[in-house]
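Chain by chain, the residues:
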Amino acid sequence: MTKGWKIRVPASTANLGPGFDSVGMALSKYLTLFVTPAAEWSFTGHSRHLEGIPSGKDNLIYIIAAWVAEKYEVTLPAAKVEMESDIPLSRGFGSSATAIVAGIELVNELCELKLTKEDKAHWASLYEGHPDNVVPSIYGGLVIGSQFEEDTYLVHAGVPTVDLVAVVPSYELSTKESRDTLPEGFTYKSAVAASSIANVLVAAIMQDNWELAGEVMQKDLFHRPYRLPSIPEWQRAELLVKELPVYGATLSGAGPIILFFVPKGKGKEVQLQLRSHYQEHVVEQVEVDTEGAVTEVLQKDHSYVNSGKQ
Ligand SMILES: Nc1ncnc2c1ncn2[C@@H]1O[C@H](COP(=O)(O)OP(=O)(O)O)[C@@H](O)[C@H]1O
Ligand SMILES: N[C@@H](CCOP(=O)(O)O)C(=O)O
C-alpha cells in the first residue's frame, strides 16, 4: 500500500549569458520532499537553506499544486510535506523553480493526474513565464526553450561535456527584484544584436563548441549590463576568465552566483584557484544533473524522522 512519496528535484542554472529566459541546465543540487497524506497541509524544512519557508498554504509548492488541480478541476487532498535541500535560496540556482516543479510532481501524485513530462513542463513554464529553470529541473541536462504566449517549445541539447565551478556569494538577490532592474523596452537595433549573440551561443552549445559558447556568454545584452552593477564579484571574474584555463563565466540565472565553464577534467584545479581569489565566498564544483525530477512511491512508513536523515 502506498504510504507516501519521495520527490527529488534538481537545481538549475539559467540563461548561460545571452540565452535569457530560454537556455538552462539542471545541476546536481536537490530539493527533496517526503510527502504523507494528512488531514491538513503542512510544510517543514529540515535544512538551513529552508529556514523561513512558509509552513502552510502560502508555501509556493502548495500554491502551484492548487493551481494545477484547478486547471484539471480536481480536488487536492491535504498532505504533510517534509523537505531538505542543499540549494541556497535567491542566489541563482533556481530554488523557486524546484518548488514549482515539486508542486507539480505533488499534485500529479495526490490527484493521480498521470501527467507526462511535456504536460509538467508546459504547466511549470506557463506558471513561471519562462522555461529556462523549470524545464531542466523536470528533464535534466541542458534545455533550450521558449514560452511563447500559451505554447511551450523545447529542444533538449543533451549533457554538455564541461566541468562547472560556482562562486556562491553569501548574500541573497531576489530574482523578482533583479528583474525589476531590467529595461521595459529595447531598440530594434539592440534587439537584433542581442538575439544574434544568443543565436551564436545556442549554435555553439549544439555543436559542443564550448570555446565559442564561453566567449559569447560574456557578450549578453539582454540582462547582464543591468544586473552586473549589483554584483561586485563580477569584476574579478572578468579578469580571471582571461587568466585561468576556463571557457568562460556568467551569472547563474539572475545571480549573484557566478558560474565558470571549465574544460572537462580541469574543474578541481580551477576550483582551487578560484578559492584563493574568492576567500570570502563558497567556491564549489557542481555537476550537470542528467535525470531531472524523480518521484518515488514509498510503500512503508517514511516520515522524515524514520528516513534516518535527521
Ligand atoms: N522549497 C521551497 N518551498 C517554498 N518556496 C520556496 C522553496 N524554495 C524556494 N522558494 C521560494 O523561492 C524564493 C527564491 O526564489 P528566487 O528569488 O527566484 O531565487 P532562486 O530561484 O534563484 O533561488 C524563496 O524566497 C522562496 O519564496
Ligand atoms: N531567466 C531568469 C532566470 C532566473 O533564475 P534564478 O535562478 O535566478 O531564479 C532571469 O534571468 O531572471
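Residues numbered from 1 in each chain as written. Chains lettered and ligands numbered in written order. Predicted model: local features only at pLDDT ≥ 70, side-chain atom pairs only at ≥ 80, totals over all residues.

Strand order in the open sheet formed by four strands is S8-S9-S7-S10, with antiparallel pairing between adjacent strands. Strands with a single pairing partner mark the edges of an open sheet, and in this sheet they are strand S8 (248–251) and strand S10 (282–286). Neighbour-to-neighbour, the strand axes of the sheet open up by a mean angle of 25°, direction not taken into account. Here helix H7 (residues 210–217) sits on the sheet in contact with strand S7 (162–168), S8 and strand S9 (258–263), set at roughly 45° to S8. Running at roughly 20° to S7, helix H10 (residues 267–277) makes contact with S7, S9 and S10 of the sheet. (Pairing = 2+ DSSP bridges. Helix = DSSP H or I, 4+ residues; strand = E, 2+ residues; numbered from the N terminus. Axes fitted to C-alpha atoms, helices over the stretch in contact; angles between N-to-C directions. Contact = placed C-beta atoms within 7 Å.)

As paired strands, strand S5 (residues 142–148) and strand S6 (residues 151–156) are joined by six bridges and run antiparallel to one another. In the strand pairing of S6, Ile-144 is matched with Val-155.

Further remarks concern the pairing of strand S4 (residues 79–85). Most of S4 sits inside the fold, with six of its seven residues counted as buried. By the bridge criterion, seven bridges tie strand S2 (residues 23–37) to S4 in an arrangement that is antiparallel. Following the sheet pairing, Leu-31 is matched in S4 by Ser-85. The pairing of strand S3 (residues 42–45) with S4 spans four bridges and is parallel. (Buried ≥ 20, exposed ≤ 12 C-beta atoms within 10 Å, placed from the backbone.)

Examined at the domain level, the protein breaks down into domain 1 (4–158 + 290–305) and domain 2 (162–286). Spacing between the C-alpha centres of domain 1 and domain 2 amounts to 25 Å. Domain 1 puts 24 residues into the contact, and the matching count from domain 2 is 29 residues. For the side of domain 1 that touches domain 2, the leading source of residues is S2, giving four residues. Taken together, the residues that form the side of domain 1 that touches domain 2 break down as twelve nonpolar, ten polar and two charged. (Domains from an automatic or database assignment. Nonpolar A, V, L, I, M, F, W, Y, C, P; charged D, E, K, R; others polar.)

With that settled, consider the site of ligand 1. Surveying the vicinity of ligand 1 reveals 20 residues, the closest of which are Leu-60, Ser-95, Ser-96, Ala-99 and Thr-175. Among the secondary structure elements, those contributing two or more residues to the shell around ligand 1 are helix H1 (60–71) and helix H2 (95–110). At four residues, the largest contribution of residues to the shell around ligand 1 is made by H2. Residue composition of the shell around ligand 1, by class: ten nonpolar, nine polar and one charged. Composition of the shell around ligand 1 by domain shows at least three residues from each of domain 1 (4–158 + 290–305) and domain 2 (162–286). (Near = placed C-beta within 6 Å.)

Cis geometry marks the peptide bond from Gly-255 to Pro-256; its omega dihedral reads 10°. Tracing the chain through its elements places Pro-256 in the loop between S8 and S9. Its identity as a non-glycine residue notwithstanding, Asp-21 has a phi of 65°, on the positive side. Residue placement: Asp-21 occurs in the loop between strand S1 (4–14) and S2.

In the neighbourhood of ligand 2, 16 residues make up the surrounding shell, with Ala-14, Gly-94, Thr-175, Gly-253 and Ala-254 lying closest. Of the residues in the shell around ligand 2, the class split is four nonpolar, nine polar and three charged. Inspection of the shell around ligand 2 shows a minimum of three residues originating in each of domain 1 (4–158 + 290–305) and domain 2 (162–286).

Further remarks concern helix H6 (residues 188–206). Compared with an ideal rise of 1.5 Å per residue, which puts 19 residues at 27 Å, H6 spans 27 Å between its outermost C-alpha atoms and is within 8% of the ideal. When we look at burial in H6, the residues that qualify are Ala-198, Leu-201 and Ile-205. Looking straight down H6, one finds that the buried residues subtend no more than 50° of arc, so they occupy a single side. Facing away from the buried surface of H6 by more than 90 degrees, the exposed residues are Tyr-188, Lys-189 and Val-192. Of the surrounding secondary structure, the elements contacted by the buried residues of H6 are S5 and H7. A positive phi of about 60° marks Asp-208, the residue just after H6. (Expected span 1.5 Å × (residues − 1). Arc of directions from axis to C-beta.)

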